[in-house]
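Remarks on the overall topology
Each chain is listed here by its residues.
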Amino acid sequence: MWDYTPTVKEHFLNPRNVGDIPDADAVGEVGSLACGDALKLYLKLDDNKDKIVDAKFQTFGCASAIASSSALTEMVKGKTLDEALAISNQDIAEFLGGLPEEKMHCSVMGQEALEVAIAKYRGHEVAPHDHDHDHGPAYPDQEGTIVCKCFGITDVFLKKVIETNKLTTAEQVTHFTKAGGGCGGCIPRIKELIAEVMGKQESGEPRKRPEKLSNLKKMQMIQEVLERDIRPLLWADGGDLELIDIDGPKVQVAFRKACAGCASSGYTSRVVEQKLRDLVAEDIVVEEVAA
Amino acid sequence: MKEIYLDNNATTKVDEAVFEEMRPYFCELYGNPSSMHFFGGQVQQKVDEARKRVAALLGASPDEIIFTACGTESDNAAIRSALEVFPEKRHVITSRVEHPAVLTQCRNLTQKGYRVTEIGVDSEGQLDMAELKAAVDADTAIVSLMYANNETGVIFPIEEAAAIAKAKGALFHTDAVQAVGKVPINLAASKIDMLSLSGHKLHAPKGIGVLYLRRGTPFRPFMVGGHQEKSRRAGTENAAAIIALGKACELAGENMAIENTQVKALRDRLQSELMARIPHARINGGAAERLPNTLNIAFEFVEGEAILLLLNELGICASSGSACTSGSLEPSHVLRAMGVPFTCAHGSIRFSLSRYTTEAEIDTVIRELPPVIANLRKMSPFGREFLKEQ
């Protein structure tokens, strides 16, 4: 049984604002029957066409999808369109007192429906939604190339969710967007996207090697750099590494998957070493161990 | 709130008589059945009696019964043994709708270089016998097919499948965890080499299973150590649970008729009443031969987890093949293998009854479920559109 918070349960058992608004100013629709969840969001604006005075929803989905939709409609009422657009999927999850990570895609669906509704209202062209397809695009307005064919999810959308939620693993991306949760064929591509997003964050603020480090801090930094900077790069090539031990300046790693037994793993070790020297301490020596 | 328990394919209540039978073997008669003294010896006698009772239910001899810790262990032991017995054979056959206890093991074998064929099923969940016949060859070490499906209750033509496997020199194993106690099984007149069963599916406690091993079938033990179970399964016997299972098997034999009259009648009533009261519903596996206690029913335009949680609020315990209950994102592999449209698969609910299920409980479900579905459909963007069309 899922560990839902009392707020999730409350909004599931007594959902607010179920229904439609026949003369809605904005309607946003995402998801499909085939995908297992879908949300249609209706917004009614005030006379100045700026503030949301009413919101209603129809949802097909599990308890957390219904609760997320209910929460969203409560959150947007009284907000201007710009204020509403600032609501993130984390805000929806927080409003509910948190969601199990496997269910975060429900909050993403709510945020996305809101974005689609407002984009459509403001005159951006949004492709009509088709209910009858089997696994067509879940978020039809999203530009970019489809990455996950099972759930119809594009690279542009995935990068946005990876960035806003600071996701670091393909499993997390699946929990938040469903991408990769079907046949799993796109998981390598998802890892590449994670690496791309991480690389971009890097370039914004060049990091410098600290002047002096305690041993503990140094060990923490080595682990951090391996997790954030190095492993995603290896994933992109189907490889991986595992930190085995840190002994003074000596960092022992074992290569995994495609990197294990790869002829250029010696070269890869030097790249890892250089990165650690650049970002942590210049005396670091990386050793490859078979473990 | 008194629960209405309709999830007996997940686990069952321990029968009071079964519990009474095992009770003395914890604090009073706690001897080790392998000990030389009278104190252990009297436990050994009860374990032997239990072995006879299990064998009687299956139409087997007592020496063909190996006690294990669970159905999963029995499944693992059977398949591993076959691969060790035939090291030169590199092919394994199973089905696409097996329980994970078999399917996960088989899929892991592909990473060890084995060729694994997963036989498909038709839209009613029935095994594709032509595909099976074509798949078995001289390289096949073992064919492992479930007796009855845990999600839909569909019963496979297991004797026919065993004959196909034996004709090509492969061993035949069946995961009969859902079938034992619900349908008569007579292994004396059978080609099955190995069969797994699990105590907690037939009113014995959790943590006890059986691997039936036909006399003369080559076997390599999975658990090694002591000489228990004639060195075929090492480890001190779970004496109390074994004794409980023996009693549960005796009761299952006595109550077999009830399963196919009383339980089946209640299941059929639940099925026909729900179908009559709820539009856009379908039975998964409804046209195939099924276990008498299982009903897998799909409701279009609504999602299974939401149905389950609303039923839960009413004290009704069922389960779902929906993606959202498991945390995976696709509906159950069984429903997908049957080609059940995604639109139905997401809203599939399994009710599984037992001999303890009462008419009043079924009446409650028949009364409470239609408004649950109607309310969720009212909330669903698709439900509203489709229902308007009518």
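Read on for an overview of the structure. It should be emphasised that the depicted structure is a prediction, and the values quoted were computed from it without experimental measurement.

A separate point is the packing of helix α9 (residues 239-277) of chain B against helix α14 (residues 359-379) of chain B. All names here are of chain B. Remark: α9 packs on α14, axes separated minimally by 10 Å, with the N-to-C direction vectors making an angle of 15 degrees. Considering the angle they form, α9 stands roughly parallel to α14. Here α9 runs over α14; the crossing is right-handed. Where α9 approaches α14, its residues Leu266, Arg269, Leu270, Glu273, Leu274 and Arg277 are matched on the opposing element by Glu359, Ile362, Asp363, Val365, Ile366, Leu369 and Pro370. Classifying every residue of the contact of α9 with α14 by side-chain character gives eight nonpolar, no polar and five charged.

This part takes up the nonpolar core. Counting residues in hydrophobic clusters, the biggest one holds 91 residues, and the most contacted among them are Leu43 of chain A together with Phe299, Ile307, Phe351 and Leu369 of chain B. Core analysis: the second largest hydrophobic core is formed by 71 residues, Met22, Ala60, Leu132 and Ala148 of chain B among them.

Once that is clear, we can look at unusual backbone geometry. Despite not being glycine, Asn17 of chain A has its phi angle at roughly 60 degrees, a positive value. Positionally, Asn17 of chain A belongs in the loop between α1 (6-13) and β1 (26-32).

Right, let's talk about the interface of chain A and chain B for a bit. Taken residue by residue, the interface counts 37 residues in chain A and 25 residues in chain B. Buried surface at the junction of chain A and chain B, summed over both partners, amounts to about 2,500 Å²; 71% is from carbon and sulfur atoms. For the pair chain A and chain B, the interface holds one salt bridge. Between chain A and chain B we count five residue pairs in polar contact (both at pLDDT 80 or more) in total. Mapped by element, the contributors of at least two residues to the side of chain A that touches chain B are α1, β2 (37-45), β3 (52-60) and α2 (63-76) of chain A. The element that contributes the greatest number of residues to the side of chain A that touches chain B is β3 of chain A, accounting for four residues. Taken together, the residues of the side of chain A that touches chain B sort by class into 18 nonpolar, 13 polar and six charged.

Note on strand geometry: in a regular strand, side chains alternate between the two faces of the sheet. All names here are of chain A. With eight bridges joining them, strand β6 (residues 239-247) and strand β7 (residues 250-257) adopt antiparallel strand pairing. Across the sheet, residue Ile246 finds its bridge partner in β7, namely Val251. Linking β6 to β7, which pair antiparallel, is a turn of two residues; within it Gly248 sits at a positive phi near 60 degrees.

All names here are of chain B. Within the secondary structure, Thr94 sits in strand β3 (residues 91-95). We classify Thr94 as buried; its relative accessible area is 0%. With near-sequence residues (within four places) excluded, Thr94 lies in contact with Val102, Leu103, Cys106, Val116, Thr117, Glu118, Ile119, Ser144 and Leu145.

All names here are of chain B. Taking 1.5 Å per residue as the helical rise, helix α5 (residues 100-111) with its 12 residues ought to reach 16 Å, and the 17 Å between its terminal C-alpha atoms agrees with that figure. The complete set of buried residues in α5 reads Ala101, Val102, Leu103, Gln105, Cys106 and Leu109. Check the buried side of α5 and you find it contacts α4 (71-85), β3, β4 (115-119), β5 (140-146), β6 (171-175) and α12 (333-337). Backbone geometry just downstream of α5 places Gly113 in the positive-phi region, at approximately 90 degrees.

Rules of the game
Positions within a chain are numbered from 1, following the residues in the order the chain's sequence is written. To read the labels, note that chains go from A and ligands from 1, taken in the order they are written. Selection of residues for local features in this predicted model requires a pLDDT of at least 70, selection of side-chain atom pairs for listing and counting requires 80 or more, and totals for whole chains, interfaces and linings are taken over all residues. No hydrogens and no water enter the side-chain calculation; it runs on all heavy atoms of the structure. With axes taken as lines fitted to C-alpha atoms, and helix axes fitted only over the stretch in contact, angles between N-to-C directions fall between 0 and 180 degrees. Only DSSP runs of H or I reaching four residues or more are called helices, and only runs of E reaching two or more are called strands; each is numbered from the N terminus. Every angle not falling under 35 degrees, over 145, or within 65 to 115 is termed oblique; those three ranges are roughly parallel, roughly antiparallel and roughly perpendicular. Crossing handedness follows the turn of the near helix against the far one: under a right angle anticlockwise gives a left-handed crossing, and clockwise gives a right-handed one. Any two residues whose heavy atoms approach within 4.5 Å are treated as being in contact. Here the term charged refers only to Asp, Glu, Lys and Arg, the term nonpolar to Ala, Val, Leu, Ile, Met, Phe, Trp, Tyr, Cys and Pro, and the term polar to all other amino acids, Gly among them. Nonpolar cores are built from buried Ala, Val, Leu, Ile, Met, Phe, Trp, Tyr and Cys residues. Side-chain atoms within 4.5 Å join them into one set. Type-normalised accessible area, obtained with a 1.4 Å probe on protein chains alone, sets the label of each residue: buried when under 20%, exposed when over 50%, and partly exposed for intermediate values. In short, buried area is how much 1.4 Å probe accessible area vanishes from two parts on joining, totalled over both. Here a salt bridge means any side-chain nitrogen of Lys or Arg lying within 4 Å of a carboxyl oxygen belonging to Asp or Glu. Any N or O atom pair separated by 3.5 Å or less is treated as a polar contact, with the protein-specific requirement of one donor-capable and one acceptor-capable atom, and with residues adjacent in sequence counted only for side-chain atom pairs. Strand pairing is defined by DSSP finding a minimum of two bridges between the two strands. Multiplying one less than the number of residues by 1.5 Å gives the expected span of a helix.

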